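# Examining the three-dimensional arrangement
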Amino acid sequence: MLRLVLSIIFIAILAAAALFYATHLTIPEERTQRSFAPDIVKRGGELAALGYCASCHTAENGKPFAGGRPLATPFGTIYGTNITPDPETGIGAWTRAAFNRAMRDGVDRAGRDLYPAFPYDHFTKLTDEDLGALYAFLMTREAVRAQNPRNELAFPYNLRLLLAGWKLLYLDKAPVPIDPTKSAEWNRGAYLVEALSHCGACHTPRDRFGAEIASKRLDGGEAEGWWAPPLNRTSPSPVPWSEESLFNYLRSWDSGHGGAVGPMAPVVAALAAVPEQDVRAIAAYIASTLAKPSESEKRVEDNQTPAIQANSQGAQLYAGVCAACHETGGYVPFTVASLGQHTSIHGPDPRNVIHVIIHGIQPPEGTVGAIMPAFADTLNDAQIAEIVSYLRARFSSGPQWSNIADEVGRVRRRETSP
Amino acid sequence: MNAPLVTPSRRDFLAGALVVSFSLRSLSSFAAEEQQSPKPPLPGSLKNALMLDAWIRVDADGTVTVFTGKCEIGQGIRTALIQVAAEELEVEARAIHLVTADTVRTANEGFTSGSNSMKDSGAAIRNAAAQVREILIGIAAERIGVAADQLHAQSGAIVGPGNRRIGYGELVAGEVLHAAAQPASRLKTPEALRVIGQSMPRVDIPGKVTGGVSYVQDLRLPNMVHARIVRPPSYEARLQSLDPSAIEKLPGVLKIVRDGSFLGVIAEREFQAITAAHALAAAAKWDSATKLPDEKNIFGFIESLPGQDYIIADKHAPSGAAAQTLEAVYRRPYQLHGSIGPSCAVASFDGDALTVWSHAQGMFPLRKAIAEMLHFAEDKVRCIHMEGAGCYGHNGADDAGADAALLARALPGRPVRVQWTREQEHQWEPYGPAMLSRARASLDASGNIVDWQYDVRSNTHSTRPPGAGQLLAARHLEQPFKPDAPKPIPQPEGGGDRNSIPLYAVPNVRVVHHFVPDMPLRVSAHRSLGAYLNVFSIESFMDELATAANADPVEFRLRHMQESRARKVISTAAERFGWSSTPLPRGRGRGFAFAQYKNLGAYCAVAIEAEVEHESGRVRLGRAVAAVDSGQAVNPDGIANQIQGGVVQSASWTLYESVRFEPTRILSQDWSTYPILRFGNVPESVDVHVIDAPGQPFLGTGEAAQGPAAAAIANAVAHATGMRIRDLPLNAARVKAAIGV
Amino acid sequence: MITLNVNGRSHEIADEPNTPLLYVLRDTLELNGAKFGCGLGQCGSCTVVVDGKSVFSCLTPISILQGRKITTLEGLGSEDAPSPLQRAFIEEQAAQCGYCIPGMIMRAHALLTANRTPTDAQIREHMNPNLCRCGTHMRVLAAIKRAARGMQAADASAPRQEVRP
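Since we're looking at a predicted model, the values are computed, not measured. Starting afresh in each chain, residues are numbered from 1 along the sequence in its written order. To read the labels, note that chains go from A and ligands from 1, taken in the order they are written. Predicted model: local features are reported for residues with pLDDT of at least 70 only, side-chain atom pairs are reported and counted for 80 or more only, and whole-chain, interface and lining totals are derived from all residues.

## Some words on the overall build of chain C
Applied cut-off: Working definition: helices are DSSP H or I runs of at least four residues, strands are E runs of at least two. Numbering for both runs from the N terminus. Contacts are defined on C-beta atoms placed from the backbone: any two residues whose C-beta positions lie within 7 Å are in contact.
On a plain count of helices and strands, chain C comes out with 6 helices and 5 strands. Starting at the N terminus and walking to the C terminus, you meet the elements of chain C as β-β-α-β-β-β-α-α-α-α-α. Dimensions of chain C, computed from C-alpha atoms along their principal axes, come out at roughly 50 × 45 × 30 Å. In chain C, once contacts between residues fewer than 6 apart in sequence are set aside, the share between residues at least 24 apart is 62%.

## Points about the overall build of chain A
Formally: Two things to know: the radius of gyration comes from C-alpha atoms, and the globule rule equals 2.2 Å times the number of residues to the power 0.38. Whether a residue is buried, exposed or partly exposed follows from its count of other C-beta atoms within 10 Å of its own C-beta, namely 20 or more, 12 or fewer, or something in between, respectively; the C-beta atoms are built from the backbone.
For chain A, the count of helices and strands is 17 helices and 5 strands. Relative to a compact globule of 418 residues, whose C-alpha radius of gyration would be 22 Å, chain A shows 23 Å and is just as compact. A principal-axis box enclosing the C-alpha atoms of chain A has dimensions of 70 × 55 × 45 Å. Residue burial in chain A is summarised as follows: out of 418 residues, 43% are buried. If you take every contact in chain A between residues at least 6 apart in sequence, the share linking residues at least 24 apart comes to 66%.

## Observations regarding the interface of chain A and chain C
The accessible area lost on association of the parts is a frequent measure of interface size. The condition is simple: Residues are grouped as follows: nonpolar covers Ala, Val, Leu, Ile, Met, Phe, Trp, Tyr, Cys and Pro; charged covers Asp, Glu, Lys and Arg; every other residue, Gly included, is treated as polar.
The interface is formed by 14 residues belonging to chain A together with 15 residues belonging to chain C. Top element by residues in the side of chain A that touches chain C is helix H14 (residues 313-326) of chain A. It accounts for 7 residues. Tallied by class, residues from the side of chain A that touches chain C come to 9 nonpolar, 4 polar and 1 charged.

## Thoughts on the pairing of strand S22 (residues 603-612) of chain B
Residues and elements named next belong to chain B. Operational definition: Strand pairing is assigned whenever DSSP detects at least two bridges linking the two strands.
Burial analysis of S22 places 9 of its 10 residues in the buried class, the great majority of the element. Relative to S22, strand S21 (residues 588-596) runs antiparallel, the two sharing 9 bridges. Pairing of Arg590 across the sheet is with Glu609, part of S22. Linking S21 back to S22 in an antiparallel pair, the connection comprises 6 residues, with Lys598 at a positive phi of about 65°. Direction of pairing for S22 relative to strand S23 (residues 619-629): antiparallel, over a ladder of 9 bridges. By the bridge assignment, Ala610 is partnered in S23 with Leu621.

## Remarks on helix H9 (residues 363-374) of chain B
Residue and element names in this part refer to chain B. Short version of the rule: Each residue after the first adds 1.5 Å to the expected span of a helix.
Taking 1.5 Å as the rise per residue, H9 with 12 residues should run 16 Å; its terminal C-alpha atoms sit 16 Å apart, in good agreement. Counting buried positions along H9 gives 10 out of 12 residues, so the element sits mostly inside the fold. Within the span of H9, buried status applies to Met363, Phe364, Pro365, Leu366, Arg367, Ala369, Ile370, Ala371, Glu372 and Met373. Note on H9: the residue one or two positions beyond its end, His375, has a positive phi of about 60°.

## Some points on the confidence of the model for chain C
Basically, it comes down to this: What pLDDT expresses is the predictor's confidence in each residue, scored from 0 to 100.
For chain C, mean pLDDT is 95; residues scoring 70 or higher make up 96% of the total. Scoring of the predicted complex yields 0.94 for pTM and 0.96 for ipTM.

## What about the sheet that holds strand S6 (residues 164-167) of chain B?
All names here are of chain B. Filter applied, for reference: Fitted lines through C-alpha atoms serve as axes, helices being fitted only where they are in contact, and the angles separating the N-to-C directions of these axes extend from 0 to 180 degrees.
On the basis of which strands lie adjacent, the open sheet formed by 3 strands has the order S4-S5-S6 and antiparallel pairing. Of all the strands in the sheet, just strand S4 (152-154) and S6 have a single pairing partner and so form its edges. Each strand axis lies, on average, 35° off the axis of its neighbour in the sheet, ignoring direction. The sheet contact formed by strand S5 (residues 157-160) and S6 spans 4 bridges and is antiparallel. Along S6, the bridge assignment pairs Val159 with Arg165. Helix-sheet contacts for helix H3 (residues 117-144) involve S4, S5 and S6, and the interaxial angle to S5 is about 50°.

## Points about the nonpolar core
Residue and element names in this part refer to chain B. As a reminder, the rule being used: We define a nonpolar core as a collection of buried residues of the types Ala, Val, Leu, Ile, Met, Phe, Trp, Tyr and Cys that are connected via C-beta atoms lying within 7 Å of each other.
In terms of nonpolar packing, the biggest core is built from 318 residues, with Cys604, Val606, Ala626, Val628 and Val717 touching the most fellow members. Looking at this core, the element that brings in the most residues is H3, giving 12 residues. If near-sequence neighbours (up to four positions away) are discounted, Val606 is found in contact with Ala573, Ala593, Ala624, Ala626, Val647, Ala705, Pro708, Ala709 and Ala712.

## Some points on the interface of chain B and chain C
The partner chain C presents 48 residues to the 49 residues of chain B that form the contact. Contributions of two or more residues to the side of chain B that touches chain C are made by helix H5 (205-208), helix H7 (270-283), helix H16 (636-656) and strand S26 (685-690) of chain B. Considering each element in turn, the side of chain B that touches chain C owes the most residues, 8 residues, to H16 of chain B. For the side of chain B that touches chain C, a count of residues per class yields 17 nonpolar, 21 polar and 11 charged.

## Observations concerning the environment of Ile384 of chain B
Its location among the elements puts Ile384 of chain B in strand S16 (residues 381-385). Spatially, the C-alpha atoms of Ile384 of chain B and Gly432 of chain B are 26 Å apart, while their sequence positions differ by 48 residues.

## What to know about the sheet that holds strand S1 (residues 56-58) of chain B
All names here are of chain B. With mixed pairing, the 3 strands of this open sheet are ordered in space as S1-S2-S3. Both edges of this open sheet fall to S1 and strand S3 (96-99), since each of them pairs with a single strand only. Shown here is a sheet whose adjacent strand axes are inclined to one another by a mean of 20°, direction ignored. In the packing of helix H2 (residues 77-89) onto the sheet, the strands contacted are S1, strand S2 (64-67) and S3, and the crossing angle to S3 comes to about 130°.

## Digging into the packing of helix H3 (residues 84-91) of chain C against helix H4 (residues 101-114) of chain C
All names here are of chain C. Quick reminder of the rule: Note that the term roughly parallel is reserved for angles under 35 degrees, roughly antiparallel for angles over 145, roughly perpendicular for angles of 65 to 115, and oblique for everything else. Handedness of a crossing is defined here by the sense of rotation of the near helix relative to the far one, left-handed for an anticlockwise turn of less than a right angle and right-handed for a clockwise turn.
Closest axis-to-axis distance for the H3/H4 pair is 10 Å, and the angle between their directions is 130°. Taken together, the axes of H3 and H4 lie oblique to each other. As H3 packs across H4, the resulting crossing turns out to be right-handed. Across from Leu85, Gln86 and Phe89 in H3, the residues of H4 making contact are Ile101, Ile105, Ala108, His109 and Leu112. In terms of residue class, the contact of H3 with H4 is built from 6 nonpolar, 2 polar and no charged.

Structure, rendered in structure tokens:
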């Protein structure tokens, strides 16, 4: 009953919003030659790396920023758009005002509301100066003619009109507050994390309308079928995170926690090109959100009880398949001393672990980075499930995961969770 | 497959030893004779073994066996040498049995290195074969009673008037081929050649693609056991303590061998040895005194080390006045050989004598080193070459041979196979040394080079045996052997200064080799030695000069090149590539480079297209075209294969490779910490044009392409981006840093 | 005892169940095709085909292979009767040292079994896990394409197989 009432209220709000926001004005095209100061463009490049724009706006093996990358959401597939300065298919005809409106209000130059898969709920907090630098950077990229693919959204999510209501409910345009009791580095980190780097977009859970739940900020969320772990005190990581370990992780790899995989890998790859102090600022801020008084009590589990070892076929599979690299005490490069150090082993669901086993880890071409072979063709679903279950039992004090076998099937078929 | 698959019997061993001592005796008598009446020099390696039957034997049943002291290391030498022998002997190639380096059976031809195999062994075998053919014709002439000029050799027989045929087997009674080689041979004329110059399929490939016993890794001797070595965590670390008692009880473990800091375990089965080695590694306690320099400042560190200067070129001639002067510094980091198959060896000790099967490049030097290490007489050690994975220079092969020798001595009667791990190969092989060069040149008003000053600073490029101290295990023993004092390899071949003298016609040239004896990291011969950096430097600099002279890079090279064969190679590559100055789309560039390897070997020019992704700095390789003149081409497809491989291998070195280290240890331990080229980024195509030079001497080809390919890529990147990068490798981060936002 | 089906023949294997397939193939069954390259799943020298898919035999314990169909280089053909893919490698002279080639052939075999008409890009992507150090990549690609053409032609001319219940 309450649900029905809420829904009616929501629809009423939508209708009201539709009235107010039914049309946004089109901002006229601008096709003049633009020029920017080199240091502004350079700064814009660093900011674009801090916002890892390229990771959503570049298709696999595609031209940078030319769009076309599919992003699976619970509402359907949304494609990253072409943000190169091509006037026809990209944003070449966008004025600075049009760019600002997209970043701040989630409205494109033609006046259409944008889906919040583009995280303007974070970018709205960017300073004018930073927006200017980003604009300068993007407008000086190679113009690539690439038509944006049509989004594949089910009714009613394909109605952009709804987005106006969504914004009314959820778009908080207040700037990131400055905490005078904290260091400049911390405040810089807060700004980057909350605005440009939009960490919450993946690491904060979303409600059924796809909005980040304010009360559960950085409690852990979703990204492309992966679990995005909490970046606050709810983190189940058995190894305390410090500024140093976060910095190591964000820059390359940390011996206490391992390295970024899945959708986080391109983030870390992009941060390689960012000035060290910005990465340190992010690390300082996230370290403060993660910290909790009981950190010193944390320890890495390793329950090699006879029951776990004897009852599980997983134990034998682990010894045969995984141990060659993962039972060497961290001797093999990019392995941590114990798999129990990986946060994913302690997560609420087994998806990340399954992803890595099935698809492996490959570093970008020619770069130093972890290589793990894909076991999709070596192990069958039941064997993967046995290994996953064994890893959880041995290395985590959390309850055994349910539905491991189903998740294995879904990850193998590259489906997202229901 | 020539290597015996059974343990050689004592009798075989003695028979071999007799051959050796006999050859030595004949060597000394011949040498004495030679001193009295000087003769013209013998071709190729004939001077290393003066008797024809040291190279070629014909059995009574007509079987032809050819002996080479060189090794097949993936360069296809086995096939090329068979072709040479078949040509002059007039026998079918498939009827020839080729024996490669074996200290009992073959001549001592030193190392198979420096692209010298065709020049050394090819020439020796060709001349020996021609002389054998003439001897057989002579015998047949006597037997039939006709003049020799009425006879000819054909398909393993001497054929005379009336089609009378006498098989070689019938002519070789006694020791007719035990005759001293002569300086001059009746070689077939270029027009008469029917095997040389043909792209004969490689004799080893069918076995390799169907699972034959092709490598020392595949050698299975009766009763053979398996071993693994446990190495220290770093160069200088010493074994402090070890309680092996639990490991000795592991399944299959036969013996734990410890001598100082040398530690190995032998087990019945391979996986048992692996399991025991892991346990052994966990149980061993090491100290660590290793102090490596700061990787970020490695070139500053190398420059701070004392050096010995060798002025290797200093010529002066009148020239035009300098209108502009350019100067540039080029650097190359430590780079790995990185064999795909880590080093391996098998050794067998019968309580008296030791046999080692090894994929090292020099069996005689290895024998000497192992004998010294074990305090054995040299004739108690036999080294037999078997192929390994491609080595590209001095990798862990010799060291694995020493490991196997130490372990086999500890377990007489059981052949021991020792296989290095990937991590051991990466951490312990001797790297190609980090080097730097400084080039300075002036152009006159019309864009001609008038003076050229070039300085190259480098460690040695050979720490190979025969000194026992060159073997890794020997340094770790309780009574350690000290490495030999490093020495530069003299010109004209050169080591760090290989190819440092430009082949271009410049009136004033001064080249100085600053030899740095102290080696912060273990280094040795890495394919093409210093030529890789020197050609990269000179050919990058030529492009920089061409730009300053406002000239096309190919035209600028031809303008300064007088040697006709070099000119032909340059113009052929340019023509086949379709070299032009038409502008390319944004981000694309073309590059060109040339060198004659060692200024003595094959001439090679490479043209390549590259595309640079502006946002990432990632370099993608497009079309590549190479032209090569290897002298008389014995196997054109074999030459093409070497050049194609050289271009692709060099692309990997040039785009990605650099050994990483920190003060206490080497960080490059596997392919994740030392990434190399994968299929995703190989060039679109690599076309090779072999320019035949009939009647000309064979010129080494195996290392001809690496330097030119590196410079061609760098020139293409410079053309694509407008930025000149002088530090290798040209990885995405470095290129991006150069081109900026 | 574990029963392994290798190249169509059953073998009773007494090795410990955790033993990686690579060592059983090389030492117990004395098959040379699969090579040790890294033991870490980074280079592909040890690639064999299991149930039609290419796997790293260095990281595959025999315990999981009971009842699965293992194919090694030796199972494709012999020196006297090479398979079309092996023949293509010989015809293209696609080897220098040749050490990585058995793994290349096996990975390519899995590709061509599933897809007779791979594009150049698909071949490069599929072969990416396997490393070659001699720089024979161009010839390996040429050999795979040559084999694919040959197999397509053979498919086209082969009589349709009768399907029997």
